[in-house]
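Each chain, written out:
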Amino acid sequence: MKTLANCTPKEFAIQSLKIAERIRNYTDGINRIREKCRTDNISDNIFEIISYICGDNLEETMSLCGELCFMSGDDFSRLDAENGDDDGIIELVNIFNSKRVISFFTTLLNLQKISKML
């Protein structure tokens with residue numbers, strides 16, 4: 001399966017922009033959870049995070065997962081490893097454990113911090 005972790009540099013750039021746009025739609029919920037986590041114990045908020053990702057925003061989550069794997073959210077949500085399809089969950093784990101992906105997004109976050117200091 002083609003993913004953000006194993007695509008060409010040009011594909012990576014194009015897909016990263018799509019993903020950034022999709023994540024922008026998540027901003028309100030992410031900020032709400034982040035603020036709550038700052039004031040509460042994170043272990044108390046795990047269920048709220050799961051609820052936001054897997055309940056309140058399931059279609060948007062599937063779309064984001066699909067974009068990480070170069071497919072639509074509908075296609076991602078229909079992957080069935082039991083029927084011989086690639087395992088989308090394992091692919092997501094591989095993406096988020098990819099040195100390439102982690103380094104890229106960590107660098108972007110660091111650049112953001114530096115630009116705020118200037």
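This section reports on the structure supplied with the text. (Residues numbered from 1 in each chain as written. Predicted model: local features only at pLDDT ≥ 70, side-chain atom pairs only at ≥ 80, totals over all residues. Heavy atoms only, no water.)

1. A short note on the environment of Asn-25
For Asn-25, the position within the fold is in helix 1 (residues 9-39). Look at Asn-25 and you get exposed, because its relative accessible area is 55%. Sequence separation of Asn-25 and Leu-111 is 86 residues, and the distance between their C-alpha atoms is 22 Å. (Helix = DSSP H or I, 4+ residues; strand = E, 2+ residues; numbered from the N terminus. Buried < 20%, exposed > 50% of the residue type's maximum accessible area, 1.4 Å probe, protein only.)

2. Re a nonpolar patch on the surface
A contiguous nonpolar surface patch, about 510 Å² in accessible area, is contributed by Phe-104, Leu-108, Leu-111, Ile-114 and Leu-118. Within the fold, Leu-108 resides in helix 6 (residues 99-117). (Patch = residues over 30% accessible without salt bridge, like charges linked within 9 Å, V, L, I, M, F, W, Y side chains within 5 Å. Areas by Shrake-Rupley, 256 points an atom, 1.4 Å probe, with all protein chains shown as cover. Salt bridge = Lys/Arg side-chain N within 4 Å of Asp/Glu carboxyl O.)

3. Some words on the packing of aromatic side chains
Applying the stated criterion to the full structure yields 2 aromatic pairs. Between Phe-12 and Phe-104, the ring centres sit 4.8 Å apart and the planes meet at 90°, which makes this aromatic pair edge-to-face. Here Phe-12 is found in helix 1, whereas its partner Phe-104 is found in helix 6, with 92 residues between them in sequence. Given the relative accessible area of 32%, Phe-104 is considered partly exposed. Relative to Phe-105, the ring of Phe-104 has its centre 5.0 Å away and its plane inclined at 85°; by these criteria the two rings are edge-to-face. Among the aromatic side chains, those forming a connected cluster through ring pairs are Phe-12, Phe-104 and Phe-105. Over the ring of Phe-70 we find Lys-2; its NZ or CZ atom is 5.4 Å from the centre of that ring. (Phe/Tyr/Trp six-rings, centres within 6.5 Å; stacked < 30°, edge-to-face > 60°. Lys NZ or Arg CZ within 6 Å of the ring centre and 35° of its normal.)

4. Re the environment of Tyr-52
Take Tyr-52: it is sitting in helix 2 (residues 42-56). Take Tyr-52: its relative accessible area is 6%, and that puts it in the buried class. Counting along the chain gives 12 residues from Tyr-52 to Leu-64, while the straight-line C-alpha distance between them is 14 Å. Here the side chain of Tyr-52 touches Asn-57 through a polar contact of 2.7 Å, side chain to side chain. (Polar contact = N/O pair within 3.5 Å; in protein donor to acceptor, adjacent residues only side chain to side chain.)

5. Some remarks on unusual backbone geometry
Leaving glycine aside, a negative phi is the common case for residues, and trans is the common case for peptide bonds. We note that Phe-70 has phi near 55°; this positive angle belongs to a residue other than glycine. Relative to the assigned elements, Phe-70 resides in the loop between helix 3 (58-68) and helix 4 (73-78). What makes Phe-70 partly exposed here is its relative accessible area of 27%.

So far we have only geometry, and geometry alone does not tell us how the molecule works.
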